[in-house]
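Each chain is listed here by its residues.
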Amino acid sequence: MEIYEKGLTKKKKLFLLLAGCILIILISQFNIMKLDNLNILNDEFGYWNNALTLKGFNWSELGARTPHYGIGYSLILYLISFIPCNPSIWYKIAIGLNSVFLVFSFLGIYKIGKLIFKKLSDFSLIILAFILTTLPQNICYAQYTWVECLLFLLYIYATYFLLKYHYEKRVLYVFIYLLLLSFLFLVHARNIFVFLFGGFILVVDALIEKRIKNGVLYFTFVIISFFAVKGLEQWQLQILHEGQKVMNVISLDGGTFSYYFSLLLSDPKLFIISLIGKIDYLLLISGFTALFPYFLYIKKVIKSKNIFSLKYWWILGVPILMIILTTFRTVDWLNRKDSIVYTRYFDYSLAPLLLIGLGEVIGKEKKNFRFIVISSFFYFFTVSYVVSKIYIAHSFFNVVCSPVFGFLYQQFYGQNYLALVCEGIGFVFLIFYAISIWGKRNKILQQIIWISISIFSLLFSYFLISNLTLEREAVENEVNSIYQKVEELEFSSIGIYSENSDGYVRNAKFIQFREPELKFKVYDSLSKEESPEAWLISGIDKEELMKKKWFKKEYELVEENSLGSLYVLKDGLEK
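Novice: What should I look at first to understand the pairing of strand β3 (residues 534–538) in this one?
Specialist: Note on strand geometry: in a regular strand, side chains alternate between the two faces of the sheet. β3 sits mainly inside the fold: five of its five residues count as buried. Every second residue of β3 is oriented toward a common face, with A534, L536 and S538 on one face and W535 and I537 on the other, all of them buried. By the bridge criterion, four bridges tie strand β1 (residues 493–498) to β3 in an arrangement that is parallel. Note that in β3 the partner of I496 across the bridge is L536. Direction of pairing for β3 relative to strand β5 (residues 564–569): antiparallel, over a ladder of four bridges. What sits directly across from W535, in β5, is Y567.

Structural data, given as structure tokens:
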């Protein structure tokens, strides 16, 4: 890989970009034929609930037991729902759209690289953009109908237009940037901090440059956008969901916020340990380059004695902001194994930061390798400790919330084994960098090194998705056993009862998506005064249920799985 070559011919560059787009589609869609129903509850159901309620379906009973999710992504699903086909095809189309988001993100990262690195070759930038787009977590998120790939796309182009403004000072770019930030906020409530921070640095930049009118204009636009998004949220709750009280997915309500804050104050060590887990992930996923841009910024500040930089504050500030938010949100990391390395909330904000880190390392002198080695010390010193905390945490490891560590946890089970593998991957990165930097005059060697990293990332993604797909199919097969009976008996409504107050009512939500017109009603108790055509019941022993004489007399078990049981009126079966 010629780091400072003048550039590829236009045809070669277009060929490489097209090849990258095709490979991204192939790796993110290789198993799309197996994806035709919801898998992640409540996230996926929440977004489809918004969309199909907007279209006129009544999912209020299950919707009332689903956390509140932003309307932004649901508007896209709403448009998809007008395509005349069944919900399984809608789901595939939405999954396919994730690949489109990734393809445009790949092109956006390449364009950002062209703005930041004036001397780095097109080949180098295309390879870097491809690696950053096909990181395992991005491919993992593309397998579900939720917001992660859309957030990745919006953040990439918000960064691109902010940089365009930074270099060219055209006000048009500011408003495109602010519109993208507003939609980012509309898509998911956790982005409120990114939205406000993005507006803040724009106003600061305008004031520093003594463009007071521009600063007032930007501030006004941010305020109007904020209240517009909050207004749409209230409309969603009051009109779309008939004012029903629903949970906020990032738990920013007063009560939950107070809980995490009190936990933080009572034992600050929990926060520090959680933060170490996030930093270790950041170092691992970047090959120890993620901290290098911060070093460059500090060096720039010392040299220029100017602390403010629109480019650096945005690219360096947003990941810090989101990592701190995620760390605060997972301060009770002992409650779930993946919490200490929970990464989903901030993954979308890393690509520009990693682009600078990797670009500086492969494009500069050998002295940069020394910083990489120093950065790796923290990782090698702490990763075994983080792994040990994963194993003492309770409950399970939710792989989709930390795909990289999750896959390693599944494949290399055992605390010492997993720690050794994590350290081994780190040493491989150091060897690759050493060969790349000391042999940077060898074009073939450079190409082999960076293409090898790409292949490793793609293989990691392939095996990660294959494992997750097997888990999906297991759940799907269970749900199908009950769904087929529901489809066969053609109910107009089904009652739901859960002895353990299962707010997720999993069977019902899977079936609701496949049968959007089917009506469910959730009951607080089993009573002979209520006689729905069928019951979906979970959390109660079958023998205990049969002790209710009226129930035994009127209803018959027709199907069951690990999620619950389907009981049907005997009169209905006779008909």
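Still to come is the rest of the account.
Novice: Is there a simple way to explain the sheet that holds β3 in this structure?
Specialist: Pairing between the strands of a sheet is mediated by backbone hydrogen bonds and can be parallel or antiparallel. In spatial order, the strands read β2-β1-β3-β5-β4; together these five strands make up an open sheet with mixed pairing. Looking at strand neighbours, the two that pair on one side only are β2 (519–522) and β4 (555–561), the edges of this open sheet. When the angles between neighbouring strand axes are averaged without regard to direction, this sheet yields 25°. Where β1 meets β2, four bridges bridge the pair, whose relative direction is parallel. In the sheet register, G495 faces β2, and the bridge partner there is K521.

Novice: Explanation requested: the packing of aromatic side chains in the structure shown.
Specialist: The geometry of an aromatic ring pair is captured by two quantities: the separation of the ring centres and the angle between the planes. Throughout the structure, instances matching the rule amount to 45 aromatic pairs. With 6.4 Å between their ring centres and 85° between their planes, F106 and F130 make a pair best called edge-to-face. Of this pair, F106 sits in helix α5 (residues 87–116) while F130 sits in helix α6 (residues 122–133), placing them 24 residues apart in sequence. F130 gets classed as buried once you look at its relative accessible area, which sits at 7%. Put simply, the rings of Y155, Y177, W314 and Y348 pair up and form one aromatic cluster. Cation over ring: R170 sits above Y173, and NZ or CZ is 5.2 Å from the ring centre. Positioned above the aromatic ring of Y523 is the side chain of K521, whose terminal nitrogen or guanidinium carbon lies 5.5 Å from the ring centre.

Novice: Explain the side chain of K278 to me, please; I cannot follow it from the model alone.
Specialist: By secondary structure assignment, the location of K278 is in helix α13 (residues 268–285). Side chain to side chain, K278 and T330 meet in a polar contact 3.1 Å long. When near neighbours in sequence (up to four residues on either side) are disregarded, K278 contacts I323, T326, T327, T330, S339, I340, V341, Y342 and F346.

Novice: Help me understand empty space enclosed by the protein in this model?
Specialist: In this approach the atoms are scanned with a rolling probe the size of a water molecule, which exposes any empty space left behind. For the structure on display, the rule yields four cavities of 30 Å³ or more. Considering only enclosed or pocket space, the largest cavity measures out at about 260 Å³ in volume. L135, L284, I285, F429 and F456 are the residues nearest the centre of the largest cavity, which is lined by 19 residues in total. When residues in the lining of the largest cavity are grouped by element, the largest group, five residues, is from helix α20 (residues 443–489). Grouping the amino acids of the lining of the largest cavity by side-chain chemistry returns 16 nonpolar, three polar and no charged. The computed volume of the second largest cavity comes to approximately 110 Å³. Taken together, 13 residues line the second largest cavity, and the ones lying closest to its centre are H68, G70, L186, A189 and E233. Secondary structure elements with two or more residues in the lining of the second largest cavity: α9 (171–187) and α11 (212–240). Partitioning the lining of the second largest cavity into residue classes produces eight nonpolar, four polar and one charged.

Novice: Is there a simple way to explain the pattern of salt bridges in this structure?
Specialist: If you walk through the whole model with that rule in mind, you get 14 salt bridges. A salt bridge links R211 to E209; the nearest nitrogen and oxygen atoms lie 3.5 Å apart. On the basis of relative accessible area, R211 is assigned to the partly exposed category, the value being 29%. Residue classification places E209 among the partly exposed residues on the basis of a relative accessible area of 33%.

Novice: Would you mind showing me how to read unusual backbone geometry here?
Specialist: The phi torsion of most residues other than glycine is negative, and most of the peptide bonds are trans. Cis geometry is found at the peptide bond from L41 to N42, where omega equals 15°. Counting through the fold element by element, N42 comes out in the loop between α1 (10–29) and α2 (43–55). Positive phi values are uncommon outside glycine, yet K210 reaches one of about 60°. As for its position among the elements, K210 is in the loop between α10 (192–208) and α11. Of the residues examined, K210 reaches a relative accessible area of 72% and is grouped as exposed. For K305, which is not glycine, the phi dihedral falls at a positive 55°. Within the fold, K305 resides in the loop between α14 (292–304) and α15 (310–329).

Novice: It is not clear to me how the environment of Q143 should be interpreted in this structure. Could you clarify?
Specialist: Of note, Q143 is situated in the loop between α7 (136–141) and α8 (148–168). Residue classification places Q143 among the buried positions, given a relative accessible area of 3%. On a C-alpha basis, the gap between Q143 and F193 in space is 27 Å, while along the polypeptide they are 50 residues apart. Sequence-distant contacts of Q143, that is, excluding residues within four places in its chain, are made with S28, N31, L35, Y91, I95, I465 and R472.

Novice: Can you help me understand the nonpolar core in this one?
Specialist: Note that soluble globular proteins tend to have their nonpolar side chains buried in a common cluster. In this structure, W48, Y177, W314 and W450 are the most contacted members of the largest nonpolar core, which totals 197 residues. When residues of this core are assigned to their parent elements, the largest contribution, 15 residues, is made by α8. By size, the runner-up hydrophobic cluster in this structure holds 12 residues, among which are I537, W550, Y555 and Y567.

Novice: Sorry if this is basic, but what is going on with helix α18 (residues 403–411) here?
Specialist: Along an α-helix, a turn takes 3.6 residues, which lines up residues three or four apart on a common side. Most of α18 sits inside the fold, with seven of its nine residues counted as buried. Taken together, the buried positions of α18 are P403, V404, F405, G406, F407, L408 and Y409.

Novice: Is there a simple way to think about the pairing of β4 in this case?
Specialist: Judged from the six bridges that link them, β4 and β5 form a sheet pairing that is antiparallel. Its bridge partner lying in β5, Y555 is registered against L569.

Novice: What should I look at first to understand the state of the cysteines in this one?
Specialist: Tallying each qualifying case throughout the model produces zero disulfides. Looking at C21, it has no disulfide partner, and the nearest cysteine sulfur is the one in C149, 15 Å off. Residue C21 is classed as buried on the basis of its relative accessible area of 13%.

About the cut-offs
Residues numbered from 1 in each chain as written. Predicted model: local features only at pLDDT ≥ 70, side-chain atom pairs only at ≥ 80, totals over all residues. Heavy atoms only, no water. Buried < 20%, exposed > 50% of the residue type's maximum accessible area, 1.4 Å probe, protein only. Helix = DSSP H or I, 4+ residues; strand = E, 2+ residues; numbered from the N terminus. Pairing = 2+ DSSP bridges. Axes fitted to C-alpha atoms, helices over the stretch in contact; angles between N-to-C directions. Phe/Tyr/Trp six-rings, centres within 6.5 Å; stacked < 30°, edge-to-face > 60°. Lys NZ or Arg CZ within 6 Å of the ring centre and 35° of its normal. Polar contact = N/O pair within 3.5 Å; in protein donor to acceptor, adjacent residues only side chain to side chain. Contact = heavy atoms within 4.5 Å. 1 Å grid on protein atoms, 1.4 Å probe; cavity = no way out; pocket = protein on both sides within 12 Å on 5 of 7 lines; lining within 4 Å. Points joined across faces, edges and corners; volume = space filled by probe spheres on them. Nonpolar A, V, L, I, M, F, W, Y, C, P; charged D, E, K, R; others polar. Salt bridge = Lys/Arg side-chain N within 4 Å of Asp/Glu carboxyl O. Core = buried A, V, L, I, M, F, W, Y, C linked by side-chain atoms within 4.5 Å. Disulfide = S-S within 2.5 Å.

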